[in-house]
Amino acid sequence: MRKRVLAAWAVLLFLFLVGMVFNINLGSVHIPIREIFQMVGNGIRLRVAAILGGDVYAKQLAFAVGGSMQAKIVFSIRLPRMMLAAVLGGALAVSGFLLQTFFRNPIAGPFVLGISSGAKLVVSIALVFLPQCMKRFGSAAMILSAFAGSLLIVFVVLFFSQKVRSMSMLLVIGIMMGYICSAITDFCIAFAKENEIVNLTSWSMGSFSGANWDHVAVAAWICLPGLFAAWLLSKPIGAYALGEGYASSLGVNIKLFRACLIILSSLLSACVTAFAGPISFVGIAVPHITRTMLKTARPSVLIPITYLCGAVFCIYCDLIARTAFSPTELAIGTVTAAFGAPVVIVMMVRRRAQGKNSE
């Protein structure tokens, strides 16, 4: 298994680096790969010079790096957008993994269960009816609003889980909750101003455009500790996957553990929704791709590679969304659904076939 894990790390890191080069290279303004490496190298030298206190050299290098239009495109637009896609894509994949663990269902995910739609609903209400508050507190208000909406839908789904024992029925309830939230969101948009409607519509379709380094920093401060916290729960997750009774016998506090899973998954998916809007199928497809690739159920191995796989998946999906029909940009959710939905279909067909064979 070690060779398989090392191979997965090597392949995903290679794809990440290639995707990084392509994301910077391709677009309405073509930037040669050689110049990309020169600009990145100069940027690293600038950072080192600033840290070491070489003020004069740092200012000269800053002028050399930031003086050209291409450098501004790389460092102000394409690179932060690519990094935000990586950070949020990994977070969404881990959120899906945690929800699949919680509900013991590989089809569970933030989008399918209506969690992303709940986050979208509360953010839309806040943007339409509390615009001054949202402008004042910025990213923090967006994240808190999305987190509140995510938790709201999670609690509704948990309430029905006490009444309905069928997981398939629970997923249907989650999908219906998503439709209800979307309907209420559309109702709120009807009362928005014209400029707010444009912003809400583009945001609700899902996109990493408009990303900046402040967004990347805030997302990283939330998502990376969330990833580490999920990794610390690896042993309880492995025990819980074998049944609540088995986990309890090993000393796992089931109520506290379930609460941690819900809060972590909701926070990660809320951060994604706040910065990029609702994105579909990443939380379902990527954990399944990772399990298939590694052939293991060990959470300590799956969680970090799931994060990296989600990052790579969203980097390439965003590249396609941005360049396939340039200058027209596709919604990121359109591309992730196009690649993620077939994975889910194959997974359901295989589970159906396995169920028949076991009978």
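Each value, and the rule that gives it
Residues numbered from 1 in each chain as written. Predicted model: local features only at pLDDT ≥ 70, side-chain atom pairs only at ≥ 80, totals over all residues. Heavy atoms only, no water. Helix = DSSP H or I, 4+ residues; strand = E, 2+ residues; numbered from the N terminus. Buried < 20%, exposed > 50% of the residue type's maximum accessible area, 1.4 Å probe, protein only. Contact = heavy atoms within 4.5 Å. Areas by Shrake-Rupley, 256 points an atom, 1.4 Å probe, with all protein chains shown as cover. Patch = residues over 30% accessible without salt bridge, like charges linked within 9 Å, V, L, I, M, F, W, Y side chains within 5 Å. Salt bridge = Lys/Arg side-chain N within 4 Å of Asp/Glu carboxyl O. 1 Å grid on protein atoms, 1.4 Å probe; cavity = no way out; pocket = protein on both sides within 12 Å on 5 of 7 lines; lining within 4 Å. Points joined across faces, edges and corners; volume = space filled by probe spheres on them. Nonpolar A, V, L, I, M, F, W, Y, C, P; charged D, E, K, R; others polar. pLDDT = per-residue confidence, 0-100. Phe/Tyr/Trp six-rings, centres within 6.5 Å; stacked < 30°, edge-to-face > 60°. Axes fitted to C-alpha atoms, helices over the stretch in contact; angles between N-to-C directions. Parallel < 35°, antiparallel > 145°, perpendicular 65-115°, else oblique.

Considerations on the overall build of the protein chain
Stage number 1. The number of helices and strands found in the protein chain is 16 helices and zero strands.
Stage number 2. By the burial criterion, 48% of the 359 residues in the protein chain qualify as buried.
Stage number 3. Across the protein chain, every contact between residues at least 6 apart in sequence was considered, and the portion connecting residues at least 24 apart equals 77%.
Stage number 4. Within the structure as shown, the protein chain displays about 17900 Å² of accessible surface, and the carbon and sulfur contribution to it stands at 69%.

Some points on a nonpolar patch on the surface
Stage number 1. Taken together, the side chains of Ile125, Phe129, Leu130, Ile180, Ile184, Phe187 and Phe191 define a hydrophobic patch exposed on the protein surface, amounting to about 700 Å² of accessible area.
Stage number 2. Elements that contribute at least two residues to the nonpolar patch include exactly α5 (115-129) and α8 (167-189).
Stage number 3. Ranked by residues supplied to the nonpolar patch, first place goes to α8 with three residues.
Stage number 4. Looking at where Phe187 falls in the secondary structure, it is placed in helix α8.
Stage number 5. Residue class for Phe187 comes out exposed when judged on its relative accessible area of 54%.

Focus: empty space enclosed by the protein
Stage number 1. Enumeration over the complete set of coordinates arrives at one cavity of 30 Å³ or more.
Stage number 2. Roughly 40 Å³ of internal volume is contained in the largest cavity.
Stage number 3. When contributions to the lining of the largest cavity are tallied by element, the ones reaching two or more residues are α4 (69-103) and α7 (139-163).
Stage number 4. Broken down by class, the residue content of the lining of the largest cavity amounts to seven nonpolar, no polar and no charged.

Some thoughts on the confidence of the model for the protein chain
Stage number 1. With 85% of its residues at a pLDDT of 70 or more, the protein chain has an overall mean of 80.
Stage number 2. Mean pLDDT values over the elements of the protein chain span from 48, in helix α3 (residues 55-66), up to 92, in helix α15 (residues 299-323).
Stage number 3. When the criterion is pLDDT under 50, residues 56-64 qualifies, and its contacts beyond four places in sequence or with other chains add up to 10 contacts.

Concerning the packing of aromatic side chains
Any aromatic ring pair is given by two values, namely how distant the centres are and how the planes are angled relative to each other.
Stage number 1. One pass over the full model with this rule turns up two aromatic pairs.
Stage number 2. Note on Phe228 and Trp231: the rings are 6.2 Å apart at their centroids and 25° apart in plane angle, and the pair reads as stacked. Linking Phe228 with Trp231, this pair stays in helix α10 (residues 213-232), spanning three residues, or about one helical turn.
Stage number 3. Plain terms: the ring middles of Tyr240 and Phe257 are 5.1 Å apart, the flat faces sit at 50° to each other, and that makes the pair tilted. Placement of Tyr240 in helix α11 (residues 234-240) and of Phe257 in helix α13 (residues 254-276) is noted, with a sequence separation of 17 residues between them. Like Tyr240, the residue Phe257 is buried in the burial classification.

Considering unusual backbone geometry
Stage number 1. Although it is not a glycine, Phe281 sits at a positive phi angle of roughly 70°.
Stage number 2. Residue position: Phe281 is located in the loop between α13 and α14 (282-294).
Stage number 3. Here Phe281 falls in the partly exposed class, since its relative accessible area comes to 23%.
Stage number 4. Phi at Lys295 is positive, roughly 55°, even though this residue is not glycine.
Stage number 5. Mapped onto the elements of the fold, Lys295 is located in the loop between α14 and α15.
Stage number 6. With a relative accessible area of 59%, Lys295 lands in the exposed category.

Here's the deal with the environment of Phe191
Stage number 1. Relative to the helices and strands, Phe191 resides in the loop between α8 and α9 (194-204).
Stage number 2. Looking at Phe191, the relative accessible area reads 55%, which means it is exposed.
Stage number 3. Measuring from C-alpha to C-alpha, the distance between Phe191 and Phe129 comes to 9.0 Å, with 62 residues separating the pair along the chain.

Details of the environment of Ile320
Stage number 1. With respect to the element layout, Ile320 can be found in helix α15.
Stage number 2. We classify Ile320 as partly exposed; its relative accessible area is 32%.
Stage number 3. Put simply, Ile320 and Val335 are 15 residues apart on the chain and 7.4 Å apart in space, counted from C-alpha to C-alpha.
Stage number 4. Each residue touching Ile320, except ones within four places of it in the same chain, is listed here: Val335 and Phe339.

Some thoughts on the side chain of Ser150
Stage number 1. On the secondary structure map, Ser150 appears in helix α7.
Stage number 2. Exposure remark for Ser150: the relative accessible area of 0% places this residue in the buried category.
Stage number 3. Contacts of Ser150, omitting those with residues within four sequence positions, involve Ile115, Gly118, Ala119, Ser266, Ser269 and Ala270.

Description of the packing of α4 against α14
The geometry of a pair of packed helices is captured by two quantities: the angle between their axes and the separation between those axes.
Stage number 1. Two numbers describe how α4 lies on α14: the axes approach to 7 Å, and their chain directions differ by 80°. Relative to α14, α4 is oriented roughly perpendicular. Contacts from Gly89, Leu92, Ala93, Gly96, Phe97 and Gln100 of α4 reach α14 at Val282, Gly283, Ile284, Val286, Pro287 and Arg291.

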